[in-house]
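Each chain, written out:
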Amino acid sequence: MEWLLIAVVVLLVAVALVWRSRQRTERAATELADSLAEARRVNERLGGQIYNLTGSNPAAQQALADAAERHNAAGAQIDQARTPVQARFAKQTAVEGLYYIRAARTAMEMDPGPAVPELEGRSTAGEVSEDRVIDFDNRRIAASPRPSSATPNYYPGGRVAGRPVPAGWYSEPWWRPALVAGAWGVGSALLFSSLFSGMAGVGYGAEGFESGYGEGYADGLSAGDQDYGGAGGDTGGQDDHGGGDWGGDGGGDWGGFDGGGFDGGGFDF
């Protein structure tokens, strides 16, 4: 009788463990499906706006090209997503594309359109609040809160390789080599200090940039320091996009981005 009681207890424990395992599997599958559905919804919204706009000036055309690259990249990420974390990265890519859409509309003096979800790291990165031109490494680099022929490259703001880069319009995508290489050059803090020192709207200096702006640096390493791989295009946004090794739960290497002649080399601050 005692052995029978033990056998029943063991059986009940085994049944409970199997039931809990199935519950966890079902919850994970539901969470992934929901995350993928949300990422697709945002990316479809992005695609619809891309196809309905035509750039009327260089700044708008560049912003639309950046948005199209994000749309393609998000689609590739969605197709490859195997965890909710990876699906959320795909959504962030599509959200970034929506910021480029707003930039393109602004460059064409149109209403920027409805608000878009907050982009990770954007609020702490700040934004360009005044025109600024510096000479750095034998080139002139300009930043402005407005698009112009001198500043046709938009960046929506956020972290690149763990460091904050303010939202604004720039003469060149000076952050892109760090985005491709996954690390900043030796003189990057000097460039940052020269370009943004004392600027309202950028609430940290070169020291904050060099240290990754406090906790934002650690966050960038753990959540935003991916190399997403090439889905085509050359637009230098938050992360690189496409296929590759996703590294477990979405914190790894998504492949290589090699667009438009920026191969990670030849840009040494």
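Here the structure is a predicted model, which is why all the values come from computation and not from measurement. (Residues numbered from 1 in each chain as written. Predicted model: local features only at pLDDT ≥ 70, side-chain atom pairs only at ≥ 80, totals over all residues. Heavy atoms only, no water.)

### Here's the deal with the sheet that holds strand β3 (residues 153-155)
Taken in spatial order, the 4 strands make up an open sheet running β1-β2-β6-β3, and their pairing is antiparallel. Edge strands, defined here as strands with exactly one partner in the open sheet, are β1 (132-136) and β3. Between one strand axis and the next, the sheet turns through 25 degrees on average, direction left out of account. When strand β2 (residues 139-144) meets strand β6 (residues 168-170), the two strands line up antiparallel, connected through 2 bridges. When the sheet's bridge partners are listed, Ser144 is paired in β6 with Trp169. (Pairing = 2+ DSSP bridges. Helix = DSSP H or I, 4+ residues; strand = E, 2+ residues; numbered from the N terminus. Axes fitted to C-alpha atoms, helices over the stretch in contact; angles between N-to-C directions.)

### Let's talk about the pairing of β2
Across a regular strand the side chains alternate sides, sitting on one face of the sheet and then on the other. When β1 meets β2, the two strands line up antiparallel, connected through 5 bridges. Bridge assignment links Phe136 to a residue of β2, and that residue is Arg139. What sits between the antiparallel neighbours β1 and β2 is a turn of 2 residues, in which Asp137 has the positive phi angle 55 degrees.

### Quick look at the nonpolar core
Core analysis: the biggest nonpolar cluster contains 47 residues, and Val160, Tyr170, Trp174, Trp184, Leu195 and Phe196 have the highest contact counts within it. Each residue touching Leu195, except ones within four places of it in the same chain, is listed here: Arg132, Ile134, Ile141, Ala143, Tyr170 and Trp174. In this structure, Leu36, Ala81, Ala87 and Ala90 belong to the second largest nonpolar core, which totals 7 residues. (Core = buried A, V, L, I, M, F, W, Y, C linked by side-chain atoms within 4.5 Å. Buried < 20%, exposed > 50% of the residue type's maximum accessible area, 1.4 Å probe, protein only. Contact = heavy atoms within 4.5 Å.)

### Things to note about the environment of Ala59
In this fold, Ala59 is placed in helix α2 (residues 58-80). Its relative accessible area of 5% is what places Ala59 among the buried residues. Counting along the chain gives 93 residues from Ala59 to Pro152, while the straight-line C-alpha distance between them is 4.1 Å. Setting aside chain neighbours within four positions, we find Ala59 in contact with Ala107, Pro147, Pro152 and Trp169.

### Notes on the packing of aromatic side chains
Under the counting rule described, the total for this entry stands at 10 aromatic pairs. When the centroid spacing of 5.3 Å and the interplanar angle of 65 degrees are considered together, the rings of Tyr170 and Trp175 count as edge-to-face. Here Tyr170 and Trp175 have matching classes, each one buried. Here the aromatic cluster, defined as three or more aromatic residues joined through ring pairs, consists of Tyr155, Tyr170, Trp174, Trp175, Trp184, Phe192 and Phe196. (Phe/Tyr/Trp six-rings, centres within 6.5 Å; stacked < 30°, edge-to-face > 60°.)

### What to know about the pattern of salt bridges
For the structure on display, the rule yields 11 salt bridges. Across the pair Glu38 and Arg41 runs a salt bridge whose closest N-O atoms are separated by 2.6 Å. Residue Glu38 and its partner Arg41 are both found in helix α1 (residues 2-51); the two are separated by 3 residues, about one turn of the helix. You can call Glu38 partly exposed: its relative accessible area is 27%. For Arg41, a relative accessible area of 42% puts it in the partly exposed group. Here Arg139 ties to Asp137 by a salt bridge, and the two come within 3.3 Å at their closest N and O atoms. (Salt bridge = Lys/Arg side-chain N within 4 Å of Asp/Glu carboxyl O.)

### Considering the packing of α1 against α2
Running from N to C, α1 and α2 point in directions that differ by 155 degrees, and their axes come no closer than 10 Å. Comparing the axis directions of α1 and α2 gives the class roughly antiparallel. Regarding α1 and α2, the two cross each other, and that crossing is left-handed. Contacts between α1 and α2 pair Leu36, Ala39, Arg40, Asn43, Leu46, Gly47, Ile50 and Tyr51 from the former with Ala67, Ala68, Arg70, His71, Ala74, Gly75 and Ile78 from the latter. (Parallel < 35°, antiparallel > 145°, perpendicular 65-115°, else oblique. Left-handed = near helix turned anticlockwise from the far one by under 90°.)

### Regarding a nonpolar patch on the surface
There is a patch of nonpolar side chains on the surface, built from Leu5, Val9, Val13 and Leu17 and spanning about 370 Å² of accessible area. By secondary structure assignment, the location of Val13 is in helix α1. (Patch = residues over 30% accessible without salt bridge, like charges linked within 9 Å, V, L, I, M, F, W, Y side chains within 5 Å. Areas by Shrake-Rupley, 256 points an atom, 1.4 Å probe, with all protein chains shown as cover.)

### Overview of α2
An ideal rise of 1.5 Å per residue puts 33 Å on 23 residues; α2 measures up with 33 Å between its terminal C-alpha atoms. Sitting at the amino-terminal end of α2 is Asn57, which places a side-chain oxygen 3.2 Å from the backbone nitrogen of Ala59. (Expected span 1.5 Å × (residues − 1). Polar contact = N/O pair within 3.5 Å; in protein donor to acceptor, adjacent residues only side chain to side chain.)

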